[in-house]
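Breakdown of the fold
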Amino acid sequence: MSLRSPGWLLLLVPLVALIGAYLLVQRRRGRYAVRFTNLDLLDKVAPRQPGWRRHVPAGAFCATLALLVVGFARPTTEVQVPRERATVVVAFDVSASMEATDVEPTRFEAAQRAALAFVDRLPERFNAGLVPFSGTATVAVPPTTDRNALRSAIERLTTGEGTAIGEAVVAARDAVRMLDREAETKPPPAHIVLLSDGSNTTGRSIEAAAREAAGDKIPVSTIAYGTEGGTIDLGVGNTVSVPVDGPALEDLASRTGGDFHEAATGEELQDVYEDIGSSVGHRTEEREVWQWFVAAGLITALAAAATSLLWFSRLP
């Protein structure tokens, strides 16, 4: 919690002085009472005091002042607010290297399952799109709230040759611009989640694509998926090594303001998707909560008045 007008807290200084004066008065009253040694006569001329009850109205009054002062200081707190028009585009690597079996049953199948779970966890009001890429990149599903269409497209994905990471980023950026008529001039809050297991082998460079995404203020969070020991079998005993190129994907995320993740198993990939889903699901917004302090102050004021009337038949 933070305060937008902390200067008002200076009013607590005289309040503390008032509390100190009250305690001093109460202490002096106790001393005067002890000086009166004829206790039987004192009991007749001065009825028994209500004890702790006499301090309740004063305490409630001081609490009222303290709460009102804090309210004047305009306290704020951070709240999570769902993003309106928010758009998430999943760029999914469908290159042949995704058939590697270093992740069970294959990188491709495990990635499909994680992507489906990620889509299901996105808030309903979010628009989500899909850009599969291998040697080229296409917008398979423009941003939509139709989760069934997105799930069907992910389930129908097949692998191809090449890895055009740069083209995938630009295609995902273009997909964001397809959202509505305002998207060209008033882009929605958007996020690209790109999963790949290899290096950029064709199309425009990652650096050029990153500049375009950063120009539209679209962060690209990347996931390097697989292990260094991944291989694919091309048949006739021909095995090709397909290690993950983490540094290239990390550079892409860094250039666009996104996050970089690594996943070597299906379970790790699922955890990564859940983390990304929570980070793009809301925006943090400061909201003033002074009303709560004022309301609490009014309640304590009523308590002070009620207890004083009930116990002493007078207002404080």
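Keep in mind that what you see is a predicted model, and the values were worked out from it rather than measured. (Residues numbered from 1 in each chain as written. Predicted model: local features only at pLDDT ≥ 70, side-chain atom pairs only at ≥ 80, totals over all residues. Heavy atoms only, no water.)

The next point concerns the sheet that holds strand 7 (residues 220–225). Spatially, six strands are ordered 5-4-3-6-7-10 in an open sheet, and the strand pairing comes out mixed. Across the chains shown, the open sheet's two edge strands, defined by having one partner strand only, are strand 5 (141–144) and strand 10 (260–263). When strand polarity is set aside, the average angle formed by the axes of neighbouring strands in this sheet is 15°. Pairing of strand 6 (residues 190–196) with strand 7 involves five bridges; the strand directions are parallel. Bridge pairing links Ile 192 to Val 220 in strand 7. (Pairing = 2+ DSSP bridges. Helix = DSSP H or I, 4+ residues; strand = E, 2+ residues; numbered from the N terminus. Axes fitted to C-alpha atoms, helices over the stretch in contact; angles between N-to-C directions.)

Spanning 15 residues, helix 4 (residues 107–121) covers 21 Å between terminal C-alpha atoms, matching the ideal 21 Å at 1.5 Å per step. Among the residues of helix 4, Arg 107, Phe 108, Ala 110, Ala 111, Gln 112, Ala 114, Ala 115, Leu 116, Ala 117, Phe 118 and Val 119 are the ones counted as buried. (Expected span 1.5 Å × (residues − 1). Buried < 20%, exposed > 50% of the residue type's maximum accessible area, 1.4 Å probe, protein only.)

Where helix 4 meets helix 5 (residues 147–155), the axes come as close as 10 Å, and the angle between the chain directions of the two elements is 175°. On the basis of the axis angle, helix 4 is roughly antiparallel to helix 5. For the pair helix 4 and helix 5, contact is made by Gln 112, Ala 115, Leu 116, Val 119 and Asp 120 and by Arg 147, Leu 150, Arg 151, Ile 154 and Glu 155, respectively. Classifying every residue of the contact of helix 4 with helix 5 gives five nonpolar, one polar and four charged. (Parallel < 35°, antiparallel > 145°, perpendicular 65-115°, else oblique. Contact = heavy atoms within 4.5 Å. Nonpolar A, V, L, I, M, F, W, Y, C, P; charged D, E, K, R; others polar.)

Moving on, we get to the packing of aromatic side chains. Scanning the model with the defined rule gives one aromatic pair in all. On the basis of an interplanar angle of 85° and a centroid distance of 6.0 Å, the ring pair of Phe 92 and Phe 108 is categorised as edge-to-face. Of the two residues, Phe 92 sits in strand 3 (residues 87–93) while Phe 108 sits in helix 4, which places them 16 residues apart along the sequence. Here Phe 92 matches Phe 108 in class, with each residue buried. (Phe/Tyr/Trp six-rings, centres within 6.5 Å; stacked < 30°, edge-to-face > 60°.)

Nonpolar side chains collect at one region of the surface, where Trp 8, Leu 11 and Phe 72 lie side by side and expose about 300 Å² of accessible area between them. Structurally, Trp 8 is set in the loop between strand 1 (2–3) and helix 1 (12–35). (Patch = residues over 30% accessible without salt bridge, like charges linked within 9 Å, V, L, I, M, F, W, Y side chains within 5 Å. Areas by Shrake-Rupley, 256 points an atom, 1.4 Å probe, with all protein chains shown as cover. Salt bridge = Lys/Arg side-chain N within 4 Å of Asp/Glu carboxyl O.)

Here we come to the environment of Leu 150. In this fold, Leu 150 is placed in helix 5. Classification of Leu 150 as buried rests on a relative accessible area of 1%. Non-local contacts of Leu 150, meaning those with residues more than four positions away in its chain, are made with Val 119, Ala 128, Gly 129, Leu 130 and Val 141.

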